[in-house]
Amino acid sequence: MQRLAPALREDGVPLDLISLIKTILAACKEISFRVGQGQMSGVMGSTLDENIQGEVQKRLDVVANQLFKDITLESGFVRAISSEEEDTSVPGNPNGKYIVSFDPLDGSSNIDINSLIGTIFSIMEVDEDADPSDPNIFMQPGTSQVCAGYVLYGPSTMLAMTTGNGTHFYTLDRTHGSFMRTERNVQIEPETSEFAVNMSNQRFWHEPMKNYIDDLVAGSDGPRGRNFNMRWIAAMVGDVHRVLVRGGIFAYPADTKSADKPYKLRLMYEANPMSFLVEQAGGLSVTSTGRIMEMEPSGIHQRVEVILGAKKEVEKCLSYYK
Ligand code: AFP
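Residues numbered from 1 in each chain as written. Predicted model: local features only at pLDDT ≥ 70, side-chain atom pairs only at ≥ 80, totals over all residues. Heavy atoms only, no water.

> How should I be thinking about the overall build of the protein chain in this particular structure?
Scanning the protein chain for helices and strands turns up seven helices and 18 strands. The C-alpha radius of gyration of the protein chain comes to 19 Å, within 12% of the 20 Å expected for a compact globule of 322 residues. A principal-axis box enclosing the C-alpha atoms of the protein chain has dimensions of 55 × 45 × 45 Å. Here the protein chain, with 322 residues, has 55% of them falling under the buried criterion. For the protein chain, contacts bridging at least 24 residues in sequence account for 62% of all contacts bridging at least 6. Only carbon and sulfur atoms are counted for the fraction: they give 48% of the accessible area of the protein chain, which is about 13500 Å². Within the protein chain, the 42 negative side-chain charges are centred at a point lying 6 Å from the centre of the 30 positive side-chain charges. (Helix = DSSP H or I, 4+ residues; strand = E, 2+ residues; numbered from the N terminus. Rg over C-alpha atoms; globule rule 2.2 N^0.38 Å. Buried < 20%, exposed > 50% of the residue type's maximum accessible area, 1.4 Å probe, protein only. Contact = heavy atoms within 4.5 Å. Areas by Shrake-Rupley, 256 points an atom, 1.4 Å probe, with all protein chains shown as cover. Lys, Arg positive; Asp, Glu negative; His and termini not counted. Charge placed at Lys NZ, Arg CZ, Asp CG, Glu CD.)

Set out below in structure tokens:
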């Protein structure tokens, strides 16, 4: 096992980026501590407020957002941040080299049932003259990310991270308070017999996705000729972690459930960072029409269709759209 910093320096990552990552992880350690305190922390349950996307905020969403925001902005490395819980971007140091998009607490519906939740982050660079108060400085495709990761608050607290040199896992050593690298160059097997999708939306999907999932469910009696297993954690951070650990395909397809919201997941702080991690682990991450990381974003809370995971299975799924 290796500590975080030496592992990063070996990969030639700039020192200021390492410092920013350490800052982010300091916030995540604090969140991990609060999550571990559970009902004793006084942050369980819902607030009376909604975020800009009309979702009721959990108390832990608000606390995690404040912690993450304060710690990263105070670091001086950051020109601006954008968060699921902030209406628009928040300016930081006018000389900061980086911008950070994050979902402070992914899987909010799992908070009160003591199930998997996590923090997702994505780091990009900005031009020297970028205006810290202009949200448009975030409008860069996922291919511009210099680092992406998530911290999963499970039975152990784990970090999955990439700086473009493979996807690596780290585990929080709670005794010493540092993330130790516990797995290098995670790889997703190209084939799988496991899928993750919210089946309750099936009647709202478009025909290609309906047909694809029907064939998986038909198992050995259908055209695939073998049985598939299904898992759904209801937190992208948990579902993607499973895909990175033991393979699988994860999808949050387009649906017709509500006319003004054809997609569920957010591009900048969910789909892009997860796509970077998955691609660095040998998987694919796409919409039904193209690679997610090549999308030109149009808003910091933009939503997108997501199909990711085992390369051959994602390709198989896409073949239903042709
Ligand atoms: P939050 O970021 O609001 O906690 O939403 C989590 C999430 O966007 C994503 O992590 C899950 O895949 C998805 O919601 C689960 O939603 P449903 O189970 O309601 O479909």
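After presenting the structure, the write-up continues.
> It is not clear to me how the site of the ligand should be interpreted in this structure. Could you clarify?
Among the 17 residues in the neighbourhood of the ligand, the closest are listed as D106, S108, N198, M236 and Y252. For the ligand, an oxygen atom lies 2.8 Å from a polar atom in the side chain of N198. For the shell around the ligand, the secondary-structure elements that each account for two or more residues are strand 6 (98–106) and strand 15 (265–266). If one sorts the elements of the shell around the ligand by residue count, strand 6 sits on top with three residues. Class assignment for the residues of the shell around the ligand results in seven nonpolar, three polar and seven charged. Among the domains, domain 1 (2–183) and domain 2 (194–319) are the pair contributing at least three residues each to the shell around the ligand. (Near = heavy atom within 4 Å. Polar contact = N/O pair within 3.5 Å; in protein donor to acceptor, adjacent residues only side chain to side chain. Nonpolar A, V, L, I, M, F, W, Y, C, P; charged D, E, K, R; others polar. Domains from an automatic or database assignment.)

> Can you walk me through the pattern of salt bridges in this structure?
Here the idea is simple: oppositely charged side chains can pair when their charged atoms come close. Counted by the stated rule, this structure contains 14 salt bridges. Between K97 and D16 there is a salt bridge; the shortest N-O distance is 3.3 Å. Taken together, the residues K97 in the loop between strand 5 (90–91) and strand 6 and D16 in helix 2 (residues 15–37) connect sequence positions 81 residues apart. Here K97 falls in the partly exposed class, since its relative accessible area comes to 32%. By relative accessible area, which is 25% here, D16 ends up partly exposed. Residues E315 and K311 are paired through a salt bridge, measuring 3.1 Å at the closest nitrogen-oxygen approach. (Salt bridge = Lys/Arg side-chain N within 4 Å of Asp/Glu carboxyl O.)

> Which parts of the structure should I look at to understand the packing of helix 5 (residues 236–246) against helix 6 (residues 267–280)?
In a pair of packed helices, the angle between the axes and the distance between the axes together describe the arrangement. Running from amino to carboxyl end, helix 5 crosses helix 6 at an angle of 10°, the nearest separation of the two axes being 11 Å. By the angle between their axes, helix 5 is roughly parallel relative to helix 6. Facing helix 5, whose interface residues are M236, V237, V240 and L244, helix 6 presents E270, A271, M274, L277 and V278. (Axes fitted to C-alpha atoms, helices over the stretch in contact; angles between N-to-C directions. Parallel < 35°, antiparallel > 145°, perpendicular 65-115°, else oblique.)

> Could you clarify how one ought to interpret the nonpolar core in this entry?
Side chains of a nonpolar character, in soluble globular proteins, are inclined to be buried together. Of all hydrophobic cores here, the largest spans 40 residues; its most connected members are Y150, L244, M274 and V306. For this core, the secondary structure elements donating two or more residues are strand 7 (117–125), strand 8 (145–153), strand 9 (157–162), helix 5, strand 14 (249–252), helix 6 and strand 18 (306–309). The leading source of residues in this core is helix 6, at seven residues. Two domains each provide a minimum of three residues to this core, namely domain 1 (2–183) and domain 2 (194–319). Once you skip the residues sitting within four places of it in the chain, M274 turns out to touch I120, Y150, M236, V237, V240 and L308. (Core = buried A, V, L, I, M, F, W, Y, C linked by side-chain atoms within 4.5 Å.)

> Just to check I follow, could you spell out the pairing of strand 8 for this structure?
Consecutive side chains along a regular strand alternate between the two faces of the sheet. Within strand 8, nine of the nine residues are buried, which leaves it mostly tucked inside the rest of the structure. Bridging between strand 7 and strand 8 involves eight bridges; their strand directions are antiparallel. Looking at strand 8, one finds that F121 is bridged to G149. Of the strand pairs in this sheet, strand 8 and strand 9 are connected by six bridges, and their pairing is antiparallel. Paired with L152 across the bridge in strand 9 is M158. In this antiparallel pair of consecutive strands, strand 8 and strand 9, the connection spans three residues. (Pairing = 2+ DSSP bridges.)

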